[in-house]
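Summary of the model geometry
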Amino acid sequence: MPLTSIVRFGDDPEIQELRRSVREWLADNLTDEFRRSAANPDYLPRDAHERAVAFCKELHEQGWFVPHWPALYGGGGRGVVEQVVIREELAYAGAPLVNTNGVNMLAPVLFTYGTTEQKEEHLPAIARSERMWAQGYSEPEAGSDLAALRMTARRDGDYYILDGQKTWTSNGVLADWIFVLARTSPVAGKRQDGISFFLVDLASEGITRRPIRSMTGYPTFAEEFFDGVRVPAANLVGAEGDGWRVGKALLNAERSNITRAAQAQRYLDELIEWCRAQRGAAHDPLADQANRIALAHAVERVEVGRALSYRVAYQQAAGTLDAALPSLSKLYHSELTAELRALGAQILGPAGELMPADPGAVLHGHFSEGLLLSLLHSIGGGTSEIQRDLIATVALGMPR
């Protein structure tokens, strides 16, 4: 069914025409393979990922892959409202958007802190889906407590020498490059001081990459070992020792969460449509009052989530973004994603435990596979506990 909502972002006739154009193009060009998948293509096997890359290159030709970027760097030169509408339609349809680390996280950092040379080298390649990126933050002793990282970077003429380990690296198997935080000076005062932000070619000598298989069976996470890796000093983003500020900006870059909001709407619509199709059958989920109440509550939750995403985008477009709102949006949609997948698995009963490749899988296994993947959202990009802490301190002014 088409994407609908109580609140609609962008009522301007030109915006609505853009929405219609994207929807019609997707109807003609998006294959069933991706309409059926619940997974981000960064978490899929390489062959599916390569087909997703080809699709994103077609999106780029339409000017819709990074519509909000300047044309100088391969973007569509559009505004925030257009970006939100395009991303919403893509996500609802199930379109694969590859390289989320590069598009949503690294690129905004380069726009803010990158040199002209860094922008010219990396941004067009990201826009054309020619260079995949991984995020090198977590380490065995530094996850949510990122300031505990131990990777070191020592200056040696025109290079830095990196030594250490990164783990649970999103898109680590498929990526060509990785952005990392490394310590360029020992801890003296605040642990956040003395950390720097680097761009590293994963083909560099001295890097050993090992895949980590997730519970979905896809080995797209990885751990990387850096043994005397020489990184050009020109690959330092921002000033030496200023990596904490750069890294924090990166975590706030994907602000509206409109993609996840539209995905939530899609999964809820699919679940409700399936339930209606079972009316009168032996297993009629809508005959159970508890299921009807749970679905009604889910409709409310999804609509609030989309309104929250619109609010973030509106403030972003107006240049008046509330500092705590990105954390609130991230937390809300992480929890909502898990709630919806759990509800779907519960209503589907035993069939809700079948994975996409299993015979008899219902709704293409969206809810079984999605329930596993939903755990990633409460951890990646800052855990839900970290988001609550930020909301408490930034929005409510509570002491740490």
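For the structure, check the block above.
Description of the structure in this document. (Residues numbered from 1 in each chain as written. Predicted model: local features only at pLDDT ≥ 70, side-chain atom pairs only at ≥ 80, totals over all residues. Heavy atoms only, no water.)

1. Comments concerning the packing of aromatic side chains
- Under the defined criterion, the tally for this structure stands at 11 aromatic pairs.
- Taking the centre distance of 5.7 Å and the plane angle of 90° together, the rings of Trp 25 and Trp 64 count as edge-to-face. You can see Trp 25 sitting in helix H1 (residues 13-29) and its partner Trp 64 sitting in the loop between helix H3 (46-62) and helix H4 (80-93), a full 39 residues away along the chain.
- Judged by relative accessible area, which is 6%, Trp 64 ranks as buried.
- A centroid spacing of 5.8 Å and a plane angle of 10° characterise the contact between Phe 179 and Phe 197, whose relative ring orientation is stacked. (Phe/Tyr/Trp six-rings, centres within 6.5 Å; stacked < 30°, edge-to-face > 60°. Helix = DSSP H or I, 4+ residues; strand = E, 2+ residues; numbered from the N terminus. Buried < 20%, exposed > 50% of the residue type's maximum accessible area, 1.4 Å probe, protein only.)

2. Things to note about the pattern of salt bridges
- Tallied over the full model, the rule gives 15 salt bridges.
- Between Arg 230 and Asp 156 there is a salt bridge, and its shortest N-O distance comes to 3.3 Å. Of this pair, Arg 230 sits in strand E7 (residues 221-232) while Asp 156 sits in strand E2 (residues 152-156); the two residues are 74 residues apart in sequence, bridging distant segments of the chain.
- Among the salt bridges present, the one from Asp 242 reaches Arg 245, with a minimum N-O distance of 2.6 Å.
- Overlapping salt bridges, with partners in common, bring together Arg 19, Arg 23, Glu 88, Glu 89 and Arg 306 in one network. (Salt bridge = Lys/Arg side-chain N within 4 Å of Asp/Glu carboxyl O.)

3. A closer look at the pairing of strand E4 (residues 177-183)
- Counting buried positions over the seven residues of E4 gives seven, a clear majority of the element.
- Taking every second residue as pointing to the same face, both faces of E4 are buried, with Trp 177, Phe 179, Leu 181 and Arg 183 on one and Ile 178, Val 180 and Ala 182 on the other.
- In the sheet, strand E1 (residues 133-136) pairs with E4 via four bridges, with the strands oriented parallel. Bridge pairing in E4 links Trp 133 to Trp 177.
- Across seven bridges, E4 lies against strand E5 (residues 195-201) in antiparallel orientation. Across the sheet, residue Phe 179 finds its bridge partner in E5, namely Leu 199. (Pairing = 2+ DSSP bridges.)

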